[in-house]
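# Structure at a glance
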Number of protein chains: 2
Amino acid sequence: MSAESADRLARAALSAISEPGDPRLAVLADEMGATVLYRQLLEESNVAGLHTDLAARLAAADPERVLTDAARQGVRFVTPSDTEWPTRLDDLTSVAPIQERGGPPIGLWVRGPLRLDRLDTAVAVVGSRSATTYGADVAAEIAAVVGRTDRCIVSGAAFGIDQAAHRGAIAADGPTVAVLACGADRVYPTAHRQLLDHIAAEGAVVSETAPGGAPTRIRFLSRNRLIAALTVGTVVVEAAVRSGALNTANWASRLNRVLLGVPGPVTSASSQGVHQLIRTGAATLVTSGAEVLEAVGAAGEHLLEVPRGRELPRDRLTPRQRQVLDAVPVAHGARADSIARAAGLGLVEVGSALVKLEERGLVELDEAGWRLAARAHT
Amino acid sequence: MSAESADRLARAALSAISEPGDPRLAVLADEMGATVLYRQLLEESNVAGLHTDLAARLAAADPERVLTDAARQGVRFVTPSDTEWPTRLDDLTSVAPIQERGGPPIGLWVRGPLRLDRLDTAVAVVGSRSATTYGADVAAEIAAVVGRTDRCIVSGAAFGIDQAAHRGAIAADGPTVAVLACGADRVYPTAHRQLLDHIAAEGAVVSETAPGGAPTRIRFLSRNRLIAALTVGTVVVEAAVRSGALNTANWASRLNRVLLGVPGPVTSASSQGVHQLIRTGAATLVTSGAEVLEAVGAAGEHLLEVPRGRELPRDRLTPRQRQVLDAVPVAHGARADSIARAAGLGLVEVGSALVKLEERGLVELDEAGWRLAARAHT
């Protein structure tokens, strides 16, 4: 057996018997190599404090069969020795655990044709399960705009913002990847069977949990770190104060990923968590897909024009005309000499400017003199 | 005549014949003293490049009469030698003009009983004339919360956010000051006669423009700098991309005042300007009056608890119980031994934890085993 396939089998076995995001396992696999760790665990009952019954479970695990069964479900196992391995995950090695989860995954279980190295420029769009229609609309729109540039949209296939993000990407014919807390062969939430099947047909359904694994809170937390680690940046669209999306945001910050937040009404509980992220400076405020692209793009790739508003009539005036216009009263007319004094200009030049301004419909005469026309108010 | 009353008369004359926010006049009055500047302008036709016809107009002005007429309208003239002079305005001396307006005012015309030194801790709440009901509600709420601490709410008495801010302060019995672009004796917009009369009766209506002066664009721009300069911080509630409120925000930044912005839906044009301020880091995002108080308060005066959301059932568990709970599947039940493996714990302690968790309604049994109860999902 080649060293490479020994490594793959060792990782499949370790993945099948361990919980995703176990930082001790990740560190040991990294230090010793998966093959050595696997063998030592099989031989000894306690390696570096790993729980004793791991060995017993490992002995019972049959990695070849795990891989064959997975393949029958259309699930492949991707490990660091595969060319499609997303190298961004290596950043997890140097980041301390959050809530006892951390480290790079032992391997990833993948259902779908999309190669994971396509995630190189991917953007995560995440948020509340209990999203408002406002939040869902904005998430879909952002995912569509980003997806149109062929950047992959990564999310968690949950209700609310996640679903909207995947659907937005799909609507724009953009690639999309769902990272699940349960096995990649399973459907959670079950209402999203069609969505997940579509993603598996066109993009990829990814999980660190071995096929057949059920979703648990541990696995959701581990999954969130993968969403942050796999992508260039995370956009949080709506998140209440205790939303799981804030866990993803926390990971994105720790991993030095771009963290972006979409604001909403301050009266909406669904935006409270995002507002906190922006307020504390953890996230940058974004209002559109274009701004997301600017934030995650390579320097200069997606530079935005700062919105300047539509051109106003006064923009086309000469500086002198503008000076006169600025001195014309808003409500009740004033005589030209009074306007000349206010503008600090001579009566003759004010008189000729007023005529030009009247031609453009910016000033008008009433009984008392010149005043601004309605057009000039804006 | 005392030097003090000579200074007052000189300033009244200069105020009556000049445009508010003329930076040349402010610099000269500062350097030479108002009395000397006044005399020199009366004698010479051109002082340091000031426009020649200033002298002629100054000769025609009768400052004693201007002051008497103002007093008859209930308007007093406040100058730097008055004890109520708001010393924050001195900061304008060192800040470069924006759109040709700048410098401290020559004096302020005031209608209403509130002493201007009460503005020492004041907060400005400004925004779009074309506010949404969302924006108006939030402005009123913030003004009420801040007003309740006896901090003065300063705004411009315009339609929309300004009006809502004044009304919010009034509803909370808080002091409020309107800074106008026209004379303090005038009412602009005319629809706000009642509001302005109320403010003049309880707080103060303030203007740099001498009584009788009409509102012009120059005077609106000058007025905005006063709103920023008079206050500790400015809250921008809604502002489209070209809103005048952004001019006030610009002044607040230049004057090192606290600049705060209230976000809104990204789909609302009325919030676009505010989002830009927050996005670029010019303004800090705030969502409530309490956050405004925290931002403008002296250190430690109004420290807020970071919102943590309501306490959840899992918050009260022991770490061990939580570890077990985190390993219980979300959807379909699992047997205790499988949960024990996932949690990395012994079967006995998992069994006893599951019983406790069931008592608290956090887990339940189905045909396949233990799963999370609905209560534990949140």
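Anything mentioned here points back to the structure above.
The paragraphs below set out a description of the structure included in this document. (Residues numbered from 1 in each chain as written. Chains lettered and ligands numbered in written order. Predicted model: local features only at pLDDT ≥ 70, side-chain atom pairs only at ≥ 80, totals over all residues.)

## A closer look at the overall build of chain A
Scanning chain A for helices and strands turns up 15 helices and eleven strands. Taken over C-alpha atoms, the radius of gyration comes to 30 Å for chain A, far larger than the 21 Å a tight globule of 378 residues would show. Principal-axis analysis of the C-alpha atoms gives chain A an extent of 100 × 40 × 35 Å. (Helix = DSSP H or I, 4+ residues; strand = E, 2+ residues; numbered from the N terminus. Rg over C-alpha atoms; globule rule 2.2 N^0.38 Å.)

## Comments concerning the interface of chain A and chain B
On the chain B side, the residues contacting the 44 residues of chain A number 44 residues. Those elements giving two or more residues to the side of chain A that touches chain B turn out to be α6 (133-147), α9 (217-230), α11 (272-279), β9 (284-285), α13 (319-326) and α14 (336-343) of chain A. By residue number, the principal contributor to the side of chain A that touches chain B is α11(A), which donates five residues. For the side of chain A that touches chain B, the per-class residue count stands at 24 nonpolar, twelve polar and eight charged. (Contact = placed C-beta atoms within 7 Å. Nonpolar A, V, L, I, M, F, W, Y, C, P; charged D, E, K, R; others polar.)

## Regarding the relation of the copies chain A and chain B
The two copies are related by a screw motion: chain A maps onto chain B through a turn of 180° and a shift of 0.0 Å along the axis, at an RMSD of 0.1 Å. Within this description, the copies of the chain are treated as partners about a two-fold rotation axis. Distance from the rotation axis, computed per C-alpha, reaches its smallest value in chain A at Gly264(A): 2.4 Å. A share of 100% of the interface residues of chain A reappears at the interface of chain B, consistent with the copies meeting face to face through the same patch. (Least-squares fit on C-alpha atoms with pLDDT ≥ 70 in both.)

## So, the sheet that holds strand β1 (residues 75-78) of chain B
Residues and elements named next belong to chain B. Overall, mixed pairing links the nine strands, which are arranged β1-β2-β6-β5-β4-β3-β7-β8-β9 in an open sheet. Sheet topology places β1 and β9 (284-285) at the edges, where each strand pairs with a single neighbour. In terms of strand pairing, strand β3 (residues 123-126) meets strand β4 (residues 153-155) through two bridges, oriented parallel. Each residue of the ladder has a partner; that of Val123, found in β4, is Ile153. (Pairing = 2+ DSSP bridges.)

## Here we look at the pairing of β3(B)
All names here are of chain B. The side-chain alternation of β3 yields two buried faces, one formed by Val123 and Val125 and the other by Ala124 and Val126. Tracing the backbone out of β3, into helix α6 (residues 133-147) and back to the parallel element β4 gives a crossover that is right-handed. With four bridges connecting them, β3 and strand β7 (residues 233-236) associate as parallel partners. Along β7, the bridge assignment pairs Val126 with Val236. (Buried ≥ 20, exposed ≤ 12 C-beta atoms within 10 Å, placed from the backbone. Right-handed = clockwise from strand over helix to strand, strands pointing away.)

## Looking at the sheet that holds strand β7 (residues 233-236) of chain A
Residue and element names in this part refer to chain A. Taken together, the nine strands give an open sheet; going across it, the order is β1-β2-β6-β5-β4-β3-β7-β8-β9, and neighbouring strands pair in mixed fashion. Since the sheet does not close on itself, it has two edges, and those belong to β1 (75-78) and β9, each with one partner. Against the sheet, helix α12 (residues 289-296) makes contact with β3 (123-126), β7, β8 (258-261) and β9, and its axis sits at roughly 160° relative to β8, the strand it touches most. (Axes fitted to C-alpha atoms, helices over the stretch in contact; angles between N-to-C directions.)

## A short note on the nonpolar core
The tendency in soluble globular proteins is for nonpolar side chains to be buried side by side. One finds Val125(A), Ala139(A), Val235(A), Val125(B), Ala139(B) and Val235(B) to be the most contacted residues of the largest nonpolar core, which totals 256 residues. Once residues within four sequence positions are removed from consideration, Ala139(A) is found in contact with Val125(A), Gly127(A), Ile161(A), Ala164(A), Ala165(A), Gly168(A) and Val237(A). (Core = buried A, V, L, I, M, F, W, Y, C linked by C-beta atoms within 7 Å.)

## Looking at the packing of helix α14 (residues 336-343) of chain B against helix α15 (residues 347-359) of chain B
Residues and elements named next belong to chain B. The geometry of α14 relative to α15 is characterised by a closest axis approach of 9 Å and an angle of 110° between their N-to-C directions. Relative to α15, the element α14 is oriented roughly perpendicular. Residues Ala336, Asp337, Ile339, Ala340 and Ala343 of α14 lie in contact with α15, whose contacting residues are Leu347, Val350, Gly351 and Leu354. Residue composition of the contact of α14 with α15, by class: seven nonpolar, one polar and one charged. (Parallel < 35°, antiparallel > 145°, perpendicular 65-115°, else oblique.)

## Notes on α6(A)
Every α-helix carries 3.6 residues per turn, so stepping three or four residues along brings you back to the same face. Residue and element names in this part refer to chain A. End to end, α6 covers 20 Å across 15 residues, agreeing with the expected 21 Å (1.5 Å per residue, within 8%). Most of α6 is tucked away, with twelve of its 15 residues classed as buried. Three or more residues of α6 are buried, namely Tyr134, Gly135, Ala136, Val138, Ala139, Ala140, Ile142, Ala143, Ala144, Val145, Val146 and Gly147. In this fold, the buried residues of α6 make contact with β3, β4 (153-155), α7 (161-171), β5 (176-180), β7 and α12. (Expected span 1.5 Å × (residues − 1).)

## Here's the deal with the pairing of strand β6 (residues 204-207) of chain B
Residues and elements named next belong to chain B. By the alternation rule, side chains of β6 split into Ala204 and Val206 and Val205 and Ser207, which are all buried. Alignment of strand β2 (residues 108-111) against β6, held across three bridges, turns out to be antiparallel. Looking at β6, one finds that Val110 is bridged to Val206. Relative to β6, strand β5 (residues 176-180) is paired through four bridges, and the arrangement is parallel.

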